[in-house]
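Summary of the model geometry
Single-letter residue listing:
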There are 2 protein chains.
Amino acid sequence: MTIGRLAEATGLSKSGLFAHFKSREALEVALLEEAARLADKHVVEPAMRNPEGLPRLMALVGLWFGWSARAGLRGGCPIAAALFELDDAPGMVRDAVAALDAKWRTLLRDHVQQALDLGHLHAQTDRDQLVWELGGIYLAHHSSMRFHRDPQADQRAQFALIALLQRCGADPVHL
Amino acid sequence: MTIGRLAEATGLSKSGLFAHFKSREALEVALLEEAARLADKHVVEPAMRNPEGLPRLMALVGLWFGWSARAGLRGGCPIAAALFELDDAPGMVRDAVAALDAKWRTLLRDHVQQALDLGHLHAQTDRDQLVWELGGIYLAHHSSMRFHRDPQADQRAQFALIALLQRCGADPVHL
DNA sequence: TGCAGAATAGCACGACCGTTCGTACACCCA
DNA sequence: TGGGTGTACGAACGGTCGTGCTATTCTGCA
């Protein structure tokens, strides 16, 4: 997304929009923060209404998959895109992406821990490994939905998710 | 990668380089095909030296993970990048990526089938689901390596791979 | 009512993009 | 020897990018 196109879409002039942020990078960071706010609203917030432990974790991940489409983000998940576009493009945008990603992973990890504390998962479960693999399913689902337009993407992800949690000793009652 | 930068890197002039391909898109397609050739050499070819079935499949996937770095591609795997950059950018580049990706998935699927035929995996294994999940591990590994620079990326991927194959009934002897 | 200050617009800039054009050199075959 | 052909070049095009500079318009308070 460029400043000109964004200005056109919002009805503002390029310079008028530009005046608010002082650089293109700052604008992109602001965009990312807005996306994070959307994610909070569409993913985290509703997930928190589920009981602690595995149910909440399941809700969190279930709402995570495909959240960007439901939130109305036409370009897909900006974090996922940035993970592959900004591999080696240092700067504040990359830093912002890294920070948001780290925050999200920490949140996931905390809820894995909670499920673990409540005995909903095997005690010897490697939390970081679980979060890492969840990320893999998310990326596969994202590319499956957006690039391949695979109508089976949702069930593929759901199947993989359940299998992964079963491996970690999830109580089948919650799946 | 832009034509100007590529020309500079190769020592040619922009127009001289451009004369060979007739458009930027054609050049990108040629670049993709060259990458595919590299992948054949660095992944498929050596993997074929392993015995049929699960060993060959394991070799194939093991060589797949991180292949772009070993092949000297500084930008990472171009297919993986394109999956997230060209989501909604129709054209011959996207088509070429889709074709290469489909070809690779078919190859993977065939070798899953072979492992299945030889009884190295459960008979009721869903081949496409397995390939789909392998793709997820690959993407997680790729972003882990390139974006996060996580030194544990390799073992994370290896762990996930083994767990996935065990789930499909892989004979532990081969893992 | 008038005015300070913020918000927005207009405009021009330099840089880079993909692309085209005319041209110069080297080679092969008649 | 001469002309066709392939390969490379420099220069320039129109377009778009991000970004400043300077007006203008709007808004809220004395």
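Figured I'd write up the structure that's included with this text. As a convention, each chain's residues are numbered from 1 in the sequence order in which they are written. All chains are assigned letters beginning with A, and all ligands numbers beginning with 1, in the order in which they are written. Confidence filtering applies because this is a predicted model: local features only for residues at pLDDT of at least 70, side-chain atom pairs given and counted only at 80 or more, and all residues used for totals across whole chains, interfaces and linings. Side-chain metrics rest on all non-hydrogen atoms present in the structure, leaving aside hydrogens and water.

1. Focus on the side chain of Asp87 of chain B
Looking at where Asp87 of chain B falls in the secondary structure, it is placed in the loop between α6 (78–85) and α7 (92–117). What makes two residues a contact is simply this: any of their non-hydrogen atoms within 4.5 Å. Excluding residues within four positions of it along the chain, Asp87 of chain B makes contact with His142, Arg146, Phe147 and Arg149 of chain A together with Ala82 and Arg94 of chain B. Starting at the N terminus, helices and strands are each numbered in turn, a helix being any DSSP run of H or I of at least four residues and a strand any DSSP run of E of at least two.

2. A closer look at the protein's contact with DNA strand C
Here a residue counts as near a molecule or strand whenever at least one of its heavy atoms sits within 4 Å of it. Near DNA strand C you find 15 residues, and of these Ser13, Ser15 and His20 of chain A together with Thr2 and Arg24 of chain B are the closest. For DNA strand C, the fraction of atoms within 4 Å of the protein that belong to sugar or phosphate moieties is 54%. In protein, a polar contact means a hydrogen-donor-capable atom and an acceptor-capable atom, both N or O and within 3.5 Å, with residues adjacent in sequence counting only if both atoms are side-chain atoms; elsewhere, any N or O pair within 3.5 Å suffices. Contacts to DNA strand C include Arg24 of chain B, whose backbone N or O atom sits 2.6 Å from a phosphate oxygen. Of the residues forming the surface near DNA strand C, the biggest block, four residues, is contributed by helix α2 (residues 14–20) of chain A.

3. With respect to the environment of Gln158 of chain A
If you trace the backbone, Gln158 of chain A turns up in helix α9 (residues 153–167). The spatial distance from the C-alpha of Gln158 of chain A to the C-alpha of Ile137 of chain A is 9.0 Å, given a sequence separation of 21 residues.

4. Some remarks on the packing of α9 of chain A against helix α8 (residues 127–146) of chain B
Contact geometry of α9 of chain A with α8 of chain B gives a least axis separation of 10 Å together with a crossing angle of 80°. By the angle between their directions, the pair α9 of chain A and α8 of chain B is classed as roughly perpendicular. Of the residues in α8 of chain B, those touching α9 of chain A at Ala153, Arg156, Ala157, Phe159 and Ala160 of chain A are Asp128, Gln129, Trp132 and Glu133 of chain B. Here the residues of the contact of α9 of chain A with α8 of chain B are counted per class, giving five nonpolar, one polar and three charged. Helix axes are fitted only over the stretch in contact, all axes being lines through C-alpha atoms; the angle between N-to-C directions runs from 0 to 180 degrees. Note on angle classes: values under 35 degrees are labelled roughly parallel, values over 145 roughly antiparallel, values of 65 to 115 roughly perpendicular, and the remainder oblique. Under the convention adopted here, Pro, Cys and the residues Ala, Val, Leu, Ile, Met, Phe, Trp and Tyr are nonpolar, Asp, Glu, Lys and Arg are charged, and Gly plus all remaining residues are polar.

5. As for the packing of aromatic side chains
Any pair of aromatic rings gets described here by the distance separating the centres and the angle formed by the planes. Pairs were defined over the aromatic rings of Phe, Tyr and Trp, the Trp ring being its six-membered one, requiring ring centres within 6.5 Å. Orientation was assigned from the angle between planes: stacked under 30 degrees, edge-to-face over 60, tilted for the rest. The full count for this structure, using the stated rule, is nine aromatic pairs over all chains. Plain terms: the ring middles of Trp64 of chain B and Trp104 of chain B are 5.1 Å apart, the flat faces sit at 55° to each other, and that makes the pair tilted. A residue pair is termed long-range when its members are at least 10 positions apart, and Trp64 of chain B in helix α4 (residues 54–64) and Trp104 of chain B in helix α7 qualify at 40 residues. Take Trp104 of chain B: its relative accessible area is 17%, and that puts it in the buried class. Members of the aromatic cluster, each reached through a chain of ring pairs, are Trp64, Phe65, Trp104 and Tyr138 of chain A. Our definition puts a charge over a ring when NZ of Lys or CZ of Arg is within 6 Å of the ring centre and also within 35 degrees of the ring normal. Sitting over the ring of Phe147 of chain B, Arg94 of chain A keeps its end group 4.4 Å from the ring centre. The buried label applies to any residue whose accessible area, calculated with a 1.4 Å probe on protein chains only, is under 20% of its type's maximum; exposed applies above 50%, and partly exposed to all values in between.

6. A closer look at the side chain of Gln129 of chain B
When you line up the elements, Gln129 of chain B lands in helix α8. When residues no more than four places from it in sequence are discounted, the contact partners of Gln129 of chain B are Arg156, Phe159 and Ala160 of chain A together with Arg167 of chain B.

7. Some remarks on the protein's contact with DNA strand D
Looking at DNA strand D, there are 15 residues lining it, with Ile3 and Arg24 of chain A together with Ser13, Ser15 and His20 of chain B nearest. Here, DNA strand D places atoms within 4 Å of the protein, and 64% of those atoms are sugar or phosphate. The separation between a phosphate oxygen of DNA strand D and a polar main-chain atom of Arg24 of chain A is 2.4 Å. Separating a phosphate oxygen of DNA strand D from a backbone N or O atom of Ser13 of chain B is a distance of 2.7 Å. At the level of secondary structure, the elements contributing two or more residues to the surface near DNA strand D comprise α1 (3–10) and α2 of chain A together with α2 (14–20) of chain B.

8. Here we look at the packing of α4 of chain B against helix α9 (residues 153–167) of chain B
Residues and elements named next belong to chain B. At a minimum axis separation of 12 Å, α4 and α9 run at an interaxial angle of 150°. Judged by the angle between their axes, α4 and α9 are roughly antiparallel. You can see that α4 and α9 cross each other, and the crossing is right-handed. Of α9, the residues touching α4 (which contributes Leu54, Met58 and Val61) are Gln158, Leu161 and Leu165. Taken together, the residues that form the contact of α4 with α9 break down as five nonpolar, one polar and no charged. Crossings are assigned a handedness: left-handed for a near helix turned anticlockwise from the far helix by less than a right angle, right-handed for a clockwise turn.

9. Concerning empty space enclosed by the protein
The method works on a 1 Å grid over the protein atoms by themselves. A cavity is a set of points holding a 1.4 Å probe that cannot get out, a pocket is an open set with protein on both sides within 12 Å along at least five of seven lines, and residues with an atom within 4 Å of a point line them. Grid points are joined across faces, edges and corners, and a volume is the space filled by probe spheres set on the points. One pass over the structure, following the stated rule, counts one cavity of 30 Å³ or more. A volume near 170 Å³ is recorded for the largest cavity. In terms of lining, the largest cavity is formed by 17 residues, of which the most central are Glu133 and Ile137 of chain A together with Glu133, Ile137 and Arg167 of chain B. Secondary-structure elements contributing two or more residues to the lining of the largest cavity are α8 (127–146) and α9 of chain A together with α8 and α9 of chain B. When grouped by side-chain class, the residues that make up the lining of the largest cavity number 11 nonpolar, two polar and four charged.

10. Describing the pattern of salt bridges
Each reported salt bridge corresponds to a side-chain nitrogen of Lys or Arg within 4 Å of a carboxyl oxygen of Asp or Glu. On inspection of all chains with the given rule, the structure shows 16 salt bridges over all chains. Residues Asp126 of chain A and Arg156 of chain B are paired through a salt bridge, measuring 3.2 Å at the closest nitrogen-oxygen approach. Here the residue Asp126 of chain A occupies a position in the loop between α7 (92–117) and α8, and Arg156 of chain B occupies one in helix α9, the pair thus bridging two chains. Taken together, the shared-partner salt bridges connect Asp87 and Asp88 of chain A together with Arg146 of chain B into one network.

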